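Take a look at the letters that make up each chain.
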Amino acid sequence: MAAKPARVRTDLKKAANRAGKPQRKPVSAVLDRDPAVGIAAIVRDTYLAFKQAIHAPLREHGITTAQWQFLRVLWHREGLNQNELSARLRTHPSTTVSALQLLERNGYVRRERSDTDRRNAHVFLTPKGRALEKKLIPHAAELSGLAMRGMSKSDVAMLKKLLSQMMRNLDGTGHTD
């Protein structure tokens, strides 16, 4: 199992080199030296590291990281309409339409007009889109395992709790449930 995380790190470095971009030090690397670095910068760098690391496996299937987010929602709940997808993913409706058009063109999803409101389209996975779950989720699980290495289960639970609380605070709800 130790070989897989090394592959993910290698893919990350290869992706950065292919893009012709020099690898910059993430904000988290300077955290110890600069306590003024904000949590938003650390969260952003973590997101970008995840995004960059998952890029190669997604690319093998012609999927962008934006489309990946839509697939993940649909793997758990098909039949949502485009507005519901936009709300769940916090994306602009035009972004949702573009992503779904590409997923549909690539044969991963199909849209069906609502019987009750013809303006509404519900999104369903095709067999090809459903099969993609079995191919891509292992990469995501591997990446999550790499990211959480050295953390206890209670550390991970606390991290999830704190990040969820931050999202609720920023959404204005502030509920602690």
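Preceding block: the structure.
Residues numbered from 1 in each chain as written. Predicted model: local features only at pLDDT ≥ 70, side-chain atom pairs only at ≥ 80, totals over all residues. Heavy atoms only, no water.

**Focus: the overall build of the protein**
Okay, so step 1: Helix and strand counts for the protein come out as seven helices and two strands.
Okay, so step 2: Secondary structure elements in the protein, listed N-terminal to C-terminal, are α-α-α-α-α-β-β-α-α.
Okay, so step 3: For the protein, buried positions account for 29% of its 177 residues.
Okay, so step 4: For the protein, the share of sequence-separated contacts (at least 6 apart) that also reach a separation of at least 24 residues comes to 49%.
Okay, so step 5: Here the protein displays about 11900 Å² of accessible surface, and carbon together with sulfur accounts for 56% of that area. (Helix = DSSP H or I, 4+ residues; strand = E, 2+ residues; numbered from the N terminus. Buried < 20%, exposed > 50% of the residue type's maximum accessible area, 1.4 Å probe, protein only. Contact = heavy atoms within 4.5 Å. Areas by Shrake-Rupley, 256 points an atom, 1.4 Å probe, with all protein chains shown as cover.)

**Section: unusual backbone geometry**
Okay, so step 1: One non-glycine residue, Arg 90, adopts positive backbone phi at about 60°.
Okay, so step 2: When you line up the elements, Arg 90 lands in the loop between α4 (82–89) and α5 (93–105).

**Thoughts on the packing of helix α3 (residues 65–76) against α4**
Okay, so step 1: At a closest axis distance of 11 Å, the pairing of α3 and α4 adopts a crossing angle of 110°. One finds that α3 runs roughly perpendicular with respect to α4. Within the contact between the two elements, α3 uses Gln 69, Phe 70, Val 73 and Leu 74 and α4 uses Leu 85, Arg 88 and Leu 89.
Okay, so step 2: For the contact of α3 with α4, the per-class residue count stands at five nonpolar, one polar and one charged. (Axes fitted to C-alpha atoms, helices over the stretch in contact; angles between N-to-C directions. Parallel < 35°, antiparallel > 145°, perpendicular 65-115°, else oblique. Nonpolar A, V, L, I, M, F, W, Y, C, P; charged D, E, K, R; others polar.)

**Topic: helix α7 (residues 153–171)**
Okay, so step 1: In a regular helix each residue adds 1.5 Å, so 19 residues correspond to 27 Å; α7 covers 27 Å between its end C-alpha atoms and thus fits that length.
Okay, so step 2: Listed as buried for α7 are Val 156, Gln 165 and Arg 168. (Expected span 1.5 Å × (residues − 1).)

**Remarks on a nonpolar patch on the surface**
Okay, so step 1: A contiguous nonpolar patch, built from Ile 39, Val 43, Met 148, Met 151, Leu 159 and Leu 163 and spanning about 460 Å² of accessible area, is present on the exposed surface.
Okay, so step 2: Of all the elements in the fold, those that place two or more residues in the nonpolar patch are α2 (39–59) and α7.
Okay, so step 3: Inspection of the secondary structure puts Leu 163 in helix α7.
Okay, so step 4: Overall, the relative accessible area of 35% leaves Leu 163 in the partly exposed class. (Patch = residues over 30% accessible without salt bridge, like charges linked within 9 Å, V, L, I, M, F, W, Y side chains within 5 Å. Salt bridge = Lys/Arg side-chain N within 4 Å of Asp/Glu carboxyl O.)

**With respect to the pattern of salt bridges**
Okay, so step 1: Counting across every chain of the model gives six salt bridges.
Okay, so step 2: Arg 44 is paired through a salt bridge with Asp 45; the nearest N and O atoms lie 3.6 Å apart.
Okay, so step 3: In this structure Asp 45 comes out as buried when scored by relative accessible area, which is 8%.
Okay, so step 4: For the salt bridge of Arg 90 with Asp 171, the shortest nitrogen-to-oxygen distance reads 2.6 Å.

**Observations concerning the environment of Trp 75**
Okay, so step 1: Tracing the backbone shows Trp 75 in helix α3.
Okay, so step 2: Sequence spacing of Trp 75 and Leu 125 is 50 residues, and the spatial spacing of their C-alpha atoms is 7.7 Å.

**So, α5**
Okay, so step 1: Compared with the 18 Å implied by 1.5 Å per residue over 13 residues, the 18 Å span of α5 between its first and last C-alpha is a close match.
Okay, so step 2: Taken together, the buried positions of α5 are Thr 96, Ala 99, Leu 100 and Leu 103. Angular distribution of buried residues about the axis of α5 spans 100°; they occupy a single face of the element.
Okay, so step 3: Those residues of α5 that are buried are in contact with α3, α4, β1 (109–113) and β2 (121–125).
Okay, so step 4: In the stretch just after α5, Gly 107 is the one whose phi turns positive, near 80°. (Arc of directions from axis to C-beta.)

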